[in-house]
Structures are given as C-alpha cells and as structure tokens.
Amino acid sequence: MSVTATIDGKSVDIREGESILEAARRCGAEVPTLCYDSRVDPSASCRLCVVKVDGRRLPVASCAHALTADMNVTTSDDELEENRKTILKLVLSENPTEECRSCIERGPCELHSLATDYGVESDYYDGAISGRIPEDSNPFIARDYSQCILCYRCTRVCNELEQAHAIIPEGRGFGTNIVAPFHESLLGSNCTFCGQCIQTCPTGALMDKKMLGKAVAEDVTKVRSICPFCGTGCGIELNVAKGEFIGVTPDWDAPASAGSLCVKGQFGIDFIRSPDRLTTPLVRRDGVLQPATWDEALTLLVDKFQTVRAESGPGAFALWSSARAPSEGNFLMQKLARAVLGTNNIDNCSRT
Amino acid sequence: MADRTGSHAPFLPMLHDAMEHTETMSEETLNALSNALRIPASYIHQAASFYHYSNLGKDHVLREGTCGGPTCCLPGVGVRRGTPGEGIACPGLCDQAPAALAGGVFRGTAADPFLPPPPPASVDGVEEVLFHDIRIPGLRSLDVYRANGGYEQLRRVVEQDDAEEVIVNLRASGLLGRGGAGFPLAAKWQAVRETPGDRKYVVCNADEGEPGTFKDRPLLHLNPHLLIESMAIAGHVVGATAGVIYLRYEYPEAYDVLNEAIAEAEAAGVLGDFDLQVARGLGSYVCGEETSLLNSLEGLVPWPRERPPFPTQKGLWGLPTVINNVETFCSVPAILERGADWYRHLGRDESAGTKLYSVSGRVARPGPYELPLGATARELIEVAGGGPLPGRAIKGYTIGGISGGLLAAEHLDMPLDYAAPRQHGFALGSGGVVVFDDACCVVDLVRTCMLFYEAESCGKCFPCRVGTVRLRERLDALTGRAEPSANLIDEFNEIGAAMSANSACGLGQAAPLVLHGLVRFFGEELEAHRQGVCPAGVCHFL
Ligand SMILES: Cc1cc2nc3c(=O)[nH]c(=O)nc-3n(C[C@H](O)[C@H](O)[C@H](O)COP(=O)(O)O)c2cc1C
Ligand code: SF4
Ligand code: SF4
Ligand code: SF4
Ligand code: SF4
Ligand code: FES
C-alpha cells in the first residue's frame, strides 16, 4: 500500500499527525495563513490556507486536515489565489486604514506583510469597522481591537497553551469581541501577563505597552540572552534601540522555552536601568537603611554571624540563594552555608 | 441547581436552569456552572455569550420583538427593516406572519399555531405519509398513537432483531436526509452501525432555524411519539441506547409535549433500554448545522467542526452518532410498515417519497404541505398555497428556506427535488419556499436575507464573518440606505465567490446564493436600483 501523497505534483511521504499545511510547507509550498499557530489546535478561521484536494467538492482548510495516503493536493491556482486575495481585502476592511503601529514599531506584522505579498491595499470594501476597545489600565498589554482580525490565536494560546483562561471571544459573528470575562481590564482577570497573546497576534491589536513609542523597527537590534529570573532559563531577545534596552521578545529557537515566557522574563527585565537598583551595600542604622562601604557591611555580618552561632548554634541559619547569581556564586553560597556556618539550610529560588 | 449529572448533554439544560434564577448571568452563576460541568469558566462564558436568548451580559432574557425574517418583512406582511440587530430571528411562524415575541411567547396570527392545513386534493398523487395521522385529535397521547398503529414498527424491529434488513429496506426506499444536505439515510445509519464502539448516540436535529421553514413544527407539536418511535428504531439499528433531541428555543411548547410523551412511553416500557432526552437550544441558526449542534450540546462554543471526522465516526462526546432531521426520522416507520417500493413510488420521476414543503410570503394559503417529492414550485404555490394574493402577480421565490437560492416566476415549473435546482447552482435544502410578488422589492428581500446571515454568522471564519456584513452594506446602498459604490457587481461576485468556496460551513457557503439569483434573474430591477429607482416603490432613496 502506498504511504505517500502528492502535493503540487510532488510525491510526499506521510508523517503521523502532520497536517496538509505542515506537509506542504515541509516540501516548500508557500501556503499563506493568519490564524495558524503550531502550538495550539487549529481554529481554521482565516481560510487562507485552503487547498484543493481531489475528490472534495470544496477546498479544504489545510491547517485542520491530516495529509493521508494518496491525497492529491493543489496548494495554488488562479481561483485559490483570487479567493485568498478577496479574504485579505475583507479582513483589511474591518480595520481602520491608518498606518499599523505594529508595522512601524515592531516591523511588518503578519497581516500587512501578507497584504503586501498579495498586492492588496487596505481601502477595498468600505464598511463598518469591528472590535471594541476596552478601557484597560494594565501596565503591560496594549489592546486595540480595532486592529483585530479575530484569528483567535491569542485566545487559543491563552486557554490551551498557557491554560490561563484569561481572555475569550464573546458574542457572535461580526460583533464578536475578545474580552476578559466580567473584567474590562486584564488586571482583575485571570491574566498572568505572560505576554504570549502579544507574541502570537498577527496584527497590531496586541502590543507591549512598555515598548510602545520607544523606537521604530529599523532602529531595533535584538540580542539573544537568557532570562535571569529563574532556573527555567527561558530564551529571550533583548530589544535594543540606540544603545538603550527597550523591551523583550521571546527567542523562538531557545531549547528550554521555544518562545514561552512568564511575566518576569517578558516584562520584568527593565530592572537593568532601574533607579531602584542597589549600587552600594546598605546597613540599618537607627532603624533606617543607609549606604555603607563593603568593609563596614561585611564586618557587621561577620559579627552577627558569630554572635548568633555562639548563642543558638548553626541550625539557626537559613540561606537563600538567587537564580540571578551565576552558578559559581551559588556554589560558593552553599560552601559558605555548609563549610563555614555549618548548616544544610540552604535553598535557591530556582526551585520555587 | 438541579442535578443533571445523568443527562447525556447537561450544558443546555443547566444553562436554562441558571437563567431562571438570575435576570443577568453573574460571574458566580457562571463559575458554579463551570464547576458543575468541569469546563473552564472561560469556555462557558464564550458559549453562553453566543446565543440570542442567553442573559449573559444583558439586563434580562430577550422577551419582546418582531420577526426580522424574510417573510415577515415583506410589504403587506410585516415591517421593512432599518438597521442590523432590529427584530428577532425567524421563529418558524412564517405561515402566520407577521410573527412576534411578546412577553416571552412566540406567536403569529393563527389561533392554533401548530395544525397544518389539509392537503390540497387537487395535486396529482398526494398521499400523506408524515401528516397522515396528524389531524387525529389527541394523537399526542400514547393511547391514541398506539390505537393508530404507533410503536408497532419499533416492536417489530426489536422482535425481528435484523438491523441489516432494516437498512436494506431504507436504502431501497431512497429516503434522503430532509434537513438540507440530502444525504442518504441508510448510508448514514450503516456507517454508525459499522463504526465500532459500545456507546453511540442518536441525535435529532429539531433546530428548524432556516427562515421560511416550519415543517417540523407540526410533527414536534402534534405527533411526538412518531419521532420518539423513529429514534428508538434508529437506536436499535445502529446500536445506540442514548438519544438526544436538539430542540430550537423558539418551540417551547414542543419541549413540554416531547418530555410528556417520552415520560409516557418510558412508563409504558415501549422504549426498552433506549434513553431519550430533550435539550433546548438558546437561539442560534448555526446550531442547526450538525457539528455546531454537537458543540452546543457539549457546552462548547457552537462553531462548526472541521469534517472529517464526520459525526458518524466522532459525534457527540467523540462517539459515533446518527444525526437526522425530524422529518427524516419520522419517515422511517411508514417505510418499514408499507414497504420501500410503496414509499419510493410516492415521489415524482426519479425522486423517492414525499416531502414536507413550507410555503409562505405573498400567497393566499401559506402553510406546511406534504407533497410528492419533485412537485413543482407552481404546484406548491398555486395549488397548495392557493396562488397569489388577489390582483397580484408572483415575481419569484426563494428555495431551501432562503439558503437554497432565489428564482423568478419563469422558473415556477421547476420541480422541487434534489436534482433540478442544481442546474442553477441552487439546492432544495429544507423545502421552504418564500414567495414574493409585484408589490415586493426583490433587492430589499435579498437584503433582509443578508441581514439574517450577518446576524447568525458564528464568527469562526473570515469570509463569512466579514463577507455577510459587506454584502449587506452593499445591499443597504442599493435599497436607498447609503450611497452605492461604483463596482458593486464586481464586489458581489468577488465576495460571493470567496464565501462560497472558502467558508467553513454551509451558512457562509450558501449566503451568497440569494444574491446570485438577484444578479442573474433580476438584472433589470437591480439596475433600476443602481439608478435610484425601486420599481415596486418599496425602497426610498436618500
Ligand atoms: C447553517 C446550517 C443550518 C442548518 N439547520 C438545520 C436545521 O435547523 N435542521 C436540520 O435538520 N438540519 C439543518 N442543517 C443541516 C444539518 O447540518 C444536517 O445536514 C442535517 O441535520 C442532517 O440530517 P438529515 O440527513 O436527516 O437531513 C443545517 C445546516 C447548516 C449549514
Ligand atoms: S498575557 Fe498571557 S495570561 Fe494574559 S491574556 Fe495574554 S496569554 Fe493570557
Ligand atoms: S487580538 Fe490579535 S491574536 Fe487576538 S484575535 Fe485579534 S488579531 Fe488575533
Ligand atoms: S522567570 Fe519566567 S521567563 Fe524567566 S526563566 Fe523563569 S519562567 Fe522563564
Ligand atoms: S461560514 Fe459563517 S457560520 Fe459557518 S463557520 Fe464560518 S463564520 Fe461560522
Ligand atoms: S491557517 Fe488554516 S484556516 Fe487559517
């Protein structure tokens, strides 16, 4: 029995669980998508990925159907391309025509890159604009649903991947809106501010509020790094413009995280230039923390350690080490606990 | 909240329960539902916010409104509609137009909203099968139903225990699904029978949401045992012991009728181990699409599923499921009783059996009529429906409710069968026919249809979600509500093509059909509108 199929005239081997879309892309076909995110179940919403399959009356959404033996698939012909173009014109028409913020600041968004590829402007099919913009004072996520094309990537990522269940489509049809149920602002909702919805959004509807207005895309360089906040070691890209850190985007190729981040890695890295950062040791004098020299601080520590140890024994100590310290620092910390203070009470915040 | 854990599909009954306790669905109620059903609250929120008659995010359940459907908005029948969102979805009372929702009750103009008119003796070869007994007083009760031969076929099927034989018979009868798609019944039952699994379901599609369609209504209200018997037969044939009737919200009386009949049948022990339940929808046309219907039962947002897998393989709760329309199910006992040959020959030419047609709009005697499958539109409209209103000339009609297409008077001799409409790219669909005459504006009618699709589009897919709105806006312009754009026909064609080919379900695929009919058969009237003239004098230009 044959275990191959044909895509655009080429023979393709069948792989367990692979969709027509994935197989087509694997063998080099360019199939456009807007609602596809490989990490979550397909919603088959954009209908741009539709292809012709012999024996099927209507084209099928290639993202939502497995490639099976002997299938004969055509990913592109005049009719498919014409309808793709029309669908692009339709979604562009539900958004305002002014220039997309995402394109300016983050670089061309998926929607507008595709529109450019297809030579489609945003001024066809004049009509009503969709999307209600919530009043949301949360400090992290800018939500402008007038830019939204209801691809449901954010809601699937939030519910299926993050399992945060913070946002969901509400209502029906053209009047559907993305909402945090019962909450106008994400602040009162289940949102953990992982930022994953921003990262999957193919338009300017969801943006990193902290980065808004900081730079234009041409000026941004991305520096690969590792989130220093915990032991997971998620991959991040530090976005740098004119020598200044402006925000984080995920490193999609990072082995530990494959693009996932939590609120700390996504939004917490701005401690780099925070005025709250300590630059000298602090010693509490008369109940107030005051700047001190290293000598003064260390001498004080040694005194106190010795007193406590003499009075209560080594079991009175517990040490907590930081994931933000290098491994060598953590090693030395446990040496200090075990060899110097004589206690095994040492832990690290990476474990929590 | 009542304990619904024994229910085959507890979501809808529990949502109805919850709605009884609060005017506006609160977060607490939603969370309680989420806990009881073990579905994340966000999903319940998405699902509950979808329906016309849910009270999530609203002050109260919608209890007042006039029908915004195509029949009820015809001149001389009801009100011409202004803006989207006005008016309720067609409640299936088009033969008693104008229909309205008043104080939570759906009513048309008839005193008895359920009784079908008697069959027109003058249509050649009319022999009623589905409506044969329907005018018998008291038929709803088990005794009367049995006295007229009821539950005999179920008894025989169980006794003879030869499911293959039943399927052979049904195949020979030529019975095709009456809900819209016309899929052979025997093939569907066979597929479920052959799919392995010790748990399977039989689901009846009693959503009847198609505008201009009200033919399941008499069966549901007056002959509940016929449906119950038919579903139990299906259960026996395919190996399912559980059944669910998905009943549209707009038929609350049928909910009580069906539940009473089921209770009576169970008490009398005629159903054996077949456990049948009724779930009421909450107002949504797309829930009649079989996979949306399944999602609705499961408490998910009722967007259609991608097929394959078909419900015969993975249906309700992922188990093999038979889904049929009320009329399809109800045809089964008569076929088993009187034989496949008899049934087949009731239809005209190649068509098998009878069909319930709904005719409404500008005709003298609107109503649901049972005619030989393949009767012409002229027979339905002029003979059964009593012809045009005095002094009026019929201009055209829609088929498949409105989703099958739009034809002109010159097509009145087209047989209303599965094959004939296809020559125009149209479909028989549910068998509903909305008639309009020279007092009506066809462009305005098409706009009303598009308003319906726009309001009912589920929002899952781009071409339909945006396309229905863009088409309606262009029809607004043609009917004097806005400025028309220059390349209107090109836009109709482009948007229509993308919707028909790329939409995820039948709603978006079929929505452009009325427009195709308009462009093809009413070119002059369309052109006049582009010039700012409405020949029927219905549209007023800015
Ligand atoms: C938008 C839409 C609405 C539908 N509504 C109904 C309905 O109200 N009742 C029905 O029986 N079938 C309806 N159908 C058809 C069903 O999907 C399905 O084909 C039918 O229930 C199968 O039963 P049958 O084979 O007995 O016709 C609808 C289909 C679509 C696409
Ligand atoms: S930030 Fe994360 S949790 Fe919050 S809405 Fe977006 S995906 Fe959901
Ligand atoms: S906000 Fe973005 S990701 Fe979410 S549905 Fe809209 S366009 Fe898609
Ligand atoms: S703090 Fe969050 S983003 Fe950073 S490494 Fe840990 S999990 Fe990843
Ligand atoms: S065609 Fe319309 S109703 Fe059907 S899935 Fe798409 S948006 Fe929903
Ligand atoms: S990627 Fe398949 S429909 Fe959008």
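That block above? That's the structure.
Bear in mind that the values here come from a model prediction, so they are computed numbers and not experimental data.

A. Representation of the packing of helix α2 (residues 78-93) of chain A against helix α4 (residues 110-117) of chain A. Residues and elements named next belong to chain A. Interaxial distance between α2 and α4 falls to 11 Å at its minimum, and their mutual angle equals 135 degrees. Put simply, α2 runs oblique to α4. In terms of crossing hand, the pair formed by α2 and α4 is left-handed. On the side of α2, the interface is formed by Leu88, Val91 and Leu92, while α4 contributes Leu111, His112, Leu114 and Ala115. When grouped by side-chain class, the residues that make up the contact of α2 with α4 number six nonpolar, one polar and no charged.

B. Structural context of the sheet that holds strand β12 (residues 244-250) of chain A. Residue and element names in this part refer to chain A. The three strands lie next to each other as β10-β11-β12, forming an open sheet whose pairing is antiparallel. A single partner strand is all that each edge strand has here, and the edge strands are β10 (220-226) and β12. Within this sheet the neighbouring strands show an average axis-to-axis angle of 30 degrees, counted without direction.

C. Molecular detail of the interface of chain B and chain A. At the interface, 45 residues of chain B touch 46 residues of chain A. For the pair chain B and chain A, the summed buried surface comes to about 3,700 Å²; carbon and sulfur atoms form 57% of the total. Counting the surface chain B buries against chain A, the share from its top three residues, Phe462(B), Arg465(B) and Asn502(B), is 20%. Run the count over chain B and chain A and you get three salt bridges.

D. How the structure looks around the nonpolar core. Residues and elements named next belong to chain B. Formed by 144 residues in total, the largest nonpolar core has its most connected members in Ile381, Tyr397, Tyr453 and Leu518. The greatest single-element share of this core, amounting to eight residues, is contributed by helix α15 (residues 442-456). Filtering out sequence-adjacent residues up to four positions away, leucine 518 remains in contact with Leu406, Val442, Val443, Val446, Leu475, Gly523 and Leu526. In terms of nonpolar packing, the next biggest core, distinct from the first, is built from 61 residues, Leu170, Leu258, Phe329 and Leu356 among them.

E. Just the site of ligand 1, in detail. Residues and elements named next belong to chain B. By nearness alone, 20 residues border ligand 1, and Gly179, Asn205, Asn324, Asn325 and Thr328 come closest of all. Contact with the protein chains removes 90% of the 610 Å² of surface that ligand 1 exposes when unbound. Here the element with the most residues in the shell around ligand 1 is strand β7 (residues 321-325); it accounts for three residues. Here the shell around ligand 1 is built from residues that sort into four nonpolar, ten polar and six charged.

About the cut-offs
Residues numbered from 1 in each chain as written. Chains lettered and ligands numbered in written order. Predicted model: local features only at pLDDT ≥ 70, side-chain atom pairs only at ≥ 80, totals over all residues. Heavy atoms only, no water. Axes fitted to C-alpha atoms, helices over the stretch in contact; angles between N-to-C directions. Helix = DSSP H or I, 4+ residues; strand = E, 2+ residues; numbered from the N terminus. Parallel < 35°, antiparallel > 145°, perpendicular 65-115°, else oblique. Left-handed = near helix turned anticlockwise from the far one by under 90°. Contact = heavy atoms within 4.5 Å. Nonpolar A, V, L, I, M, F, W, Y, C, P; charged D, E, K, R; others polar. Pairing = 2+ DSSP bridges. Buried area = accessible area lost by both parts, 1.4 Å probe. Salt bridge = Lys/Arg side-chain N within 4 Å of Asp/Glu carboxyl O. Core = buried A, V, L, I, M, F, W, Y, C linked by side-chain atoms within 4.5 Å. Buried < 20%, exposed > 50% of the residue type's maximum accessible area, 1.4 Å probe, protein only. Near = heavy atom within 4 Å. Areas by Shrake-Rupley, 256 points an atom, 1.4 Å probe, with all protein chains shown as cover.

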